[in-house]
Amino acid sequence: MGPHPAVAAIRLAVRRVLHDILTEPNTTAGVPAATAADRAPDRAADRAPDRAADRAAGLPASPLVLVACSGGADSMALASALAFEAPRLGIRAGGVTVDHGLQNGSDLRAEEVVLRLRELGLDPVEATAVTVGRGGGPEAAARDARYAALDAAAARHGAAAVLLGHTRDDQAETVLLGLARGSGTRSLSGMAAVSGAGGRYRRPFLHVDRQTARKACMVQSLPVWDDPHNADPAYTRSRLRHEGLPALEKALGKGVVEALARTAQLSRDDADALDTWARQAEAGVRDATGVLECAKLYALPPAVRRRILRRAAIDAGAPAGALFARHIEEVDRLITGWRGQGAINLPGRVVAQRQGGRLVIRQG
């Protein structure tokens, strides 16, 4: 008899991502595309390599994939699936847990997660402590500290990828948060399945619901830790999870989470296409000195033009996370609603100003 359907679902999701990693020509652990292709998943269990023999023969080491694990149900389910699938594909599997230091006993919990990951057979495994700042609010600051720690761990171990346990429910919440910010199509596209420098971060569970991950832990008798912050109404995402989404499902019926996840994918496809268009159009709207020309910008569709303006503001020093749709709309009015208005102040002490038919964006 095969595994429980929930276990089968999470393993399949992870297997697909691991196969993608193996078959990419630029796998960062030094495994060439031909070697990766030879380890196809159809007979991977029969081909798990003897790494000592590989080294003796001068073959490249197997790629390492890390899982970011908090000890919660989503990431423990992900860790268990990685531990099961990785050896069958000739991949080394390790884990990292980040201690944010925001709760009493967080260091002890991090040690417990390390033990659980080692019991699953992952190696290397480590806990890394971070200091969470205050910039952008507590949730954003914790996220920034966490990703910085994961980046450092991946670089230290030479990992080909880091797996993250975000589920379809997390994606739906992210779409709603983006809608509340009013930041446009890119914000509505939610989390990407592949992100980070060189495609470092992979999210296998974006099509798996949270309940499936929790069920997979239960049937495998995996202990999980429920972070009290996830139920704390002081946090926006927590309120959305426990109040906002249930209210939407009550008003609109079941299927809201699935619909929001589909919206994310459709929005991402649109945003990617518009970003490509904007990159291709940008060179044609600058003069010989590289300054943006207002008349040429005016002729572009608004969605393309505003992407060029946003990129120009970021290049001038405006922090991307602090640059909202309202900022870009104000700059856009220097082109579409010019009435002699003065300079527009943007985050990061960046100033946008119209001068003689040209748009100058620079540090003020």
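Residues numbered from 1 in each chain as written. Predicted model: local features only at pLDDT ≥ 70, side-chain atom pairs only at ≥ 80, totals over all residues. Heavy atoms only, no water.

Caption draft 1: Local environment of the pairing of strand 1 (residues 64-68). By the criterion of burial, strand 1 is predominantly enclosed, with five of the five residues buried. As defined by bridge partners, strand 1 adjoins strand 2 (residues 92-99) across five bridges and the pair is classed as parallel. Bridge assignment links valine 65 to a residue of strand 2, and that residue is alanine 93. Note on the crossover from strand 1 through helix 4 (residues 73-85) to strand 2: the handedness is right-handed. In this sheet, strand 4 (residues 161-163) lies alongside strand 1 in parallel orientation, the contact comprising three bridges. Bridge pairing in strand 4 places leucine 66 opposite valine 162. (Buried < 20%, exposed > 50% of the residue type's maximum accessible area, 1.4 Å probe, protein only. Helix = DSSP H or I, 4+ residues; strand = E, 2+ residues; numbered from the N terminus. Pairing = 2+ DSSP bridges. Right-handed = clockwise from strand over helix to strand, strands pointing away.)

Caption draft 2: Just helix 10 (residues 236-252), in detail. Along helix 10, the sharpest kink reaches roughly 30°, centred on histidine 242 and followed within four residues by the proline proline 246. Of all the residues in helix 10, the buried ones are Ser238, Leu240, Arg241 and Leu245. Where helix 10 is buried, its residues meet helix 7 (168-181), helix 9 (210-219) and helix 11 (256-282). After helix 10 finishes, the residue glycine 253 shows a positive phi value of roughly 95°. (Bend = angle between axes of the 7 residues up to and from the residue. Contact = heavy atoms within 4.5 Å.)

Caption draft 3: The arrangement of the nonpolar core in detail. Formed by 38 residues in total, the largest nonpolar core has its most connected members in Leu18, Leu82, Leu122 and Phe205. Among the secondary structure elements, those contributing two or more residues to this core are helix 1 (5-23), strand 1, helix 4, helix 5 (106-119), strand 4 and helix 9. Per-element tally for this core: the top contributor is helix 1, with nine residues. In this structure leucine 18 touches Val65, Leu82, Glu85, Ala86, Leu89 and Ile91, once residues within four positions along its chain are discounted. One finds Val285, Leu297, Ile308 and Leu309 within the second-largest nonpolar core, a separate group that totals 26 residues. (Core = buried A, V, L, I, M, F, W, Y, C linked by side-chain atoms within 4.5 Å.)

Caption draft 4: Highlighting the side chain of arginine 116. Position of arginine 116 among the secondary structure elements: in helix 5. For arginine 116, a relative accessible area of 19% gives the class buried. Sequence-distant contacts of arginine 116, defined by excluding residues within four places in its chain, comprise Gly71, Met76, Pro223, Val224 and Trp225.

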